[in-house]
Amino acid sequence: MVLTSMGDESRRWSARFPRHEGRVVCGNLTLEEIVGAPPLGRGTRAAIAVGGYRGRLTVCLRCDPFAFDTEDARGFLRVFMGTLFETSSARF
């Protein structure tokens, strides 16, 4: 498994776009959210990407379909998110 911290993904682009109310604007398009997980490398069965945009945390999970079925992946994500919330609540 791989865990990747992406930070604010919109700040990683080489071009800078104007913003309106925290949202990236390009012409008549407004970017509402960014989601995505890294590809699975050789021998990797799951990848989690943690990032943010507009002050909102995004957690994306990609699983090898030969190693995890849909219910296993959802269960894993529930446990991961539950642990994340428990840990963050204890610190605040």
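As the structure is a prediction and not an experimental result, all values here were calculated from the model.

(A) Representation of the sheet that holds strand S5 (residues 46-53) in the model. Overall, mixed pairing links the three strands, which are arranged S1-S5-S6 in an open sheet. Where the open sheet ends on each side, the last strands, each with one partner, are strand S1 (2-8) and strand S6 (56-63). In this sheet, adjacent strand axes meet at a mean angle of 15° when their direction is disregarded. Two elements, S5 and S6, share eight bridges in a ladder whose sense is antiparallel. Its bridge partner lying in S6, Gly-52 is registered against Leu-57.

(B) The arrangement of unusual backbone geometry in detail. Despite not being glycine, Glu-21 shows a phi value in the positive range, around 55°. Examined against the element boundaries, Glu-21 turns out to sit in the loop between strand S2 (19-20) and strand S3 (23-26). If you check the backbone angles, Arg-54 has positive phi at about 60° while not being a glycine. Within the fold, Arg-54 resides in the loop between S5 and S6. Assessed through its relative accessible area of 26%, Arg-54 is described here as partly exposed.

(C) The arrangement of the sheet that holds S2 in detail. With antiparallel pairing, the three strands of this open sheet are ordered in space as S2-S3-S4. On the outer flanks of this sheet lie S2 and strand S4 (29-30), each paired with one strand and no other. Across two bridges, the pairing between S3 and S4 is antiparallel. Among the inter-strand pairings, Val-25 is bridged to a residue of S4, identified as Thr-30.

Parameters at a glance
Residues numbered from 1 in each chain as written. Predicted model: local features only at pLDDT ≥ 70, side-chain atom pairs only at ≥ 80, totals over all residues. Heavy atoms only, no water. Pairing = 2+ DSSP bridges. Helix = DSSP H or I, 4+ residues; strand = E, 2+ residues; numbered from the N terminus. Axes fitted to C-alpha atoms, helices over the stretch in contact; angles between N-to-C directions. Buried < 20%, exposed > 50% of the residue type's maximum accessible area, 1.4 Å probe, protein only.

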